Amino acid sequence: MINICSPSLNPCDSYGLIVRKLEQYIDADVQLSDHQRPRQIPAHDGSIFCGWPSEFADYSAWCSQGPRIALTMWESSKLPNGWANILNAMDAVITPSHFCANVFAEAGVTTPIHVAPLGVSEEYKPTRRTPGEPIRFLAFLDRGVRKGGYAAFAMFKRAFGEDKRYRIVLKQRRRQESIELFPVGNVELVQDNLSESELVALYTSCDVLINPCAGEG
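Residues numbered from 1 in each chain as written. Predicted model: local features only at pLDDT ≥ 70, side-chain atom pairs only at ≥ 80, totals over all residues. Heavy atoms only, no water.

**Topic: the overall build of the protein chain**
Secondary structure summary: the protein chain contains six helices and ten strands in total. When the 217 residues of the protein chain are sorted by exposure, 38% land in the buried category. Contacts in the protein chain between residues at least 24 apart in sequence constitute 54% of all its contacts with a sequence separation of at least 6. With an accessible surface of roughly 12,200 Å², the protein chain has 53% of that area assigned to carbon and sulfur atoms. (Helix = DSSP H or I, 4+ residues; strand = E, 2+ residues; numbered from the N terminus. Buried < 20%, exposed > 50% of the residue type's maximum accessible area, 1.4 Å probe, protein only. Contact = heavy atoms within 4.5 Å. Areas by Shrake-Rupley, 256 points an atom, 1.4 Å probe, with all protein chains shown as cover.)

This is how it looks when you write it as structure tokens:
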């Protein structure tokens, strides 16, 4: 039995999707646990801790048996205070990029670090588009300036104004801001948690992705 721990098991969350894919593909008996549903089942074969290391303390009391592996990432050149010490208490660290591995090592993580790219879901396949109008642009608003959605919106409005031959779709995870903040007409606001298949449909309904991100992996 392997415990896979995550701050969320919701497949609309990044770590939630990761643990669901691990459950689907890993060749072992798996017990999923999150902050709301901890499992008091001994993990004789160890545990995989997903999420930010600052969250690992929520699991350590009931995931103490067997090896402990951290699966984490950080899209910045400096780790938050305390992360290195937490990761050094693990038996191994898995991260999806060499950038993250270098940041961890430079921050003082001495636990063995392994790079395992997250890959691309089988849901995503090349799609042939039929040219037409309006030309649809897509940008993401989550995480404030991090994903660059507000900059993308400003660039779109500067380039095309209210021209109905062009349309921009602004996507957020949950309803966070009033739709009145954005002029209607050639602007569409999607505020919802989408499954993989729904995200595929959103991507394939658009022609151009604007991604002026700041600090995205």
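Back to the text.
**Details of the sheet that holds strand β9 (residues 187-191)**
Sheet architecture is open: four strands sit in the order β9-β8-β7-β10, paired in parallel fashion. For this open sheet the edge positions go to β9 and β10 (208-209), each flanked by a neighbour on one side alone. Where helix α5 (residues 149-160) meets the sheet, it contacts β7 (135-140), β8 (166-172) and β9, and its direction lies at approximately 170° from that of β8. (Pairing = 2+ DSSP bridges. Axes fitted to C-alpha atoms, helices over the stretch in contact; angles between N-to-C directions.)

**Section: a nonpolar patch on the surface**
Taken together, the side chains of Val120, Tyr124, Tyr203 and Leu209 define a hydrophobic patch exposed on the protein surface, amounting to about 370 Å² of accessible area. Its location among the elements puts Tyr124 in the loop between β6 (113-115) and β7. (Patch = residues over 30% accessible without salt bridge, like charges linked within 9 Å, V, L, I, M, F, W, Y side chains within 5 Å. Salt bridge = Lys/Arg side-chain N within 4 Å of Asp/Glu carboxyl O.)

**Let's talk about the nonpolar core**
Of all hydrophobic cores here, the largest spans 15 residues; its most connected members are Phe56, Ala70, Leu79, Leu87, Val93, Phe104 and Val109. Those elements that provide at least two residues to this core are α3 (83-88) and α4 (98-106). The residues touching Val109, leaving out its near neighbours within four places in the chain, are Leu79, Ala84, Leu87, Asn88, Val93 and Phe104. (Core = buried A, V, L, I, M, F, W, Y, C linked by side-chain atoms within 4.5 Å.)

**Brief notes about the environment of Arg146**
The topology assignment puts Arg146 in the loop between β7 and α5. C-alpha separation for the pair Arg146 and Pro212, spaced 66 residues apart in sequence, amounts to 8.7 Å.

**Topic: the pairing of strand β4 (residues 68-71)**
Both strand β3 (residues 47-50) and β4 contribute to a ladder of four bridges, which runs parallel. Within the sheet, the bridge partner assigned to Phe49 lies in β4 and is Ala70. Both β4 and strand β5 (residues 92-95) contribute to a ladder of three bridges, which runs parallel. Note on β5: the bridge partner recorded for Ala70 is Val93. In this fold, β4 hands off to α3, which returns the chain to β5; that crossover is right-handed. (Right-handed = clockwise from strand over helix to strand, strands pointing away.)

**Observations regarding the sheet that holds β6**
Strand pairing in a sheet relies on backbone hydrogen bonds. The paired strands run either parallel or antiparallel. Taken together, the six strands give an open sheet; going across it, the order is β2-β1-β3-β4-β5-β6, and neighbouring strands pair in parallel fashion. For this open sheet the edge positions go to β2 (30-33) and β6, each flanked by a neighbour on one side alone. For this sheet, the mean inter-axis angle between neighbouring strands, taken without regard to orientation, is 20°. Packing against the sheet, α4 makes contact with β5 and β6, and its axis sits at approximately 165° to β6.

**Let's talk about α5**
End to end, α5 covers 16 Å across twelve residues, agreeing with the expected 16 Å (1.5 Å per residue, within 8%). Buried residues of α5: Gly149, Ala152, Phe153, Phe156 and Lys157, and no others. Down the axis of α5, the sector holding all buried residues measures 130°, keeping them to one side. More than 90 degrees from the buried face of α5, the exposed residues found are Arg158 and Ala159. On the buried face of α5, the contacting elements are β7, β8 and β9. Following α5 by one or two positions, Gly161 has its phi on the positive side, about 55°. (Expected span 1.5 Å × (residues − 1). Arc of directions from axis to C-beta.)

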